[in-house]
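What the coordinates show
The lines below spell out each chain.
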Amino acid sequence: MSAALVGYSSSEEEEEEEEEEGGSRGGAAQGPPGASAGRPRLPAPAGLLGDPEPEEAVSDDSSRHGGRVRGFPHERGNWATHVYLPYFAQEEFLELLELLVSRARTYVPSLAAMEEFHLSLSQCVVLRYHWIEPFVRSLRERLAAFHRFFCVADQVKVYTNQNKTRTFIGLEVSAGHFQLLELVSEVDGVLEEFDLPTFYKDPSFHISLAWCVGDLSGRLEGQCLRELQDIVDGFEDSAFLLRIQWEQIRCKSGNKYFSFPLR
């Protein structure tokens, strides 16, 4: 059976894709830290008072975005926010990707390759604009002590998003879970400060490779999945290629990016 989606992205309409990650669990925008506990409402940071600069109008017409559907509506002042480990693909990785997508398209012709790659450490959540700065500051404090580390992502797996509106092929992590769970624990701590949904329980950490509209997991599992795994296992130097060193964490909030280098 296909697993629930942990996270994904691509360079085209990235914000819409990340918003859909959270699905119904993303919910509406939350209040400031401690609001639900009855503590006094904190003032907005001085540098972020008022509405943000007007952004380009966002269309929810799915026909303009390859059939993708937002998990929650776009509202002015709400910023889709996502914490992840970026993966910068080498030429050999792109060659492997081409082989995998080419084979998978014999089962699902509409499959599209990702253009950017990452491993998620959070759901996509909604943050009010004036809470971006304290959110990022808290992340930076919690993640400052972490060192670079390796993990292995070599198991092909099929995923769907929560609403079953898209299907993905990903490389699941087979070694390095402990370090990833430690990072998620710290990111979850920040999310809890802001009364935002934490990450999934027992997550399937992975790097998404390709996607298509609709729930087509039935076509990709079984024989197709076995063929894709054979391609990975037989790819020259795949053991070295898919042993990934993580050097930084990123947070994307709307069109803003924040980087947290690992020691």
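Below is a short write-up of the structure. (Residues numbered from 1 in each chain as written. Predicted model: local features only at pLDDT ≥ 70, side-chain atom pairs only at ≥ 80, totals over all residues. Heavy atoms only, no water.)

**Re the pattern of salt bridges**
- Under the counting rule described, the total for this entry stands at six salt bridges.
- Where arginine 142 meets glutamate 186, a salt bridge forms, and the shortest distance between an N and an O atom there is 3.1 Å. Highlighted residues: arginine 142 in helix α3 (residues 132-143) and glutamate 186 in helix α4 (residues 177-193), separated in sequence by 44 residues.
- The partly exposed category is assigned to glutamate 186, whose relative accessible area is 23%.
- Note that glutamate 247 is salt-bridged to arginine 148, the shortest N-O span being 3.8 Å. Taken as a pair, glutamate 247 in the loop between β9 (243-246) and β10 (248-253) and arginine 148 in the loop between α3 and β6 (149-160) lie far apart in primary sequence, 99 residues in all.
- It is possible to trace a salt-bridge network through shared partners that takes in Arg142, Glu186 and Glu193. (Salt bridge = Lys/Arg side-chain N within 4 Å of Asp/Glu carboxyl O. Helix = DSSP H or I, 4+ residues; strand = E, 2+ residues; numbered from the N terminus. Buried < 20%, exposed > 50% of the residue type's maximum accessible area, 1.4 Å probe, protein only.)

**Here's the deal with the side chain of histidine 118**
- Its place among the elements puts histidine 118 in strand β4 (residues 117-120).
- Judged by its relative accessible area of 4%, histidine 118 falls in the buried class.

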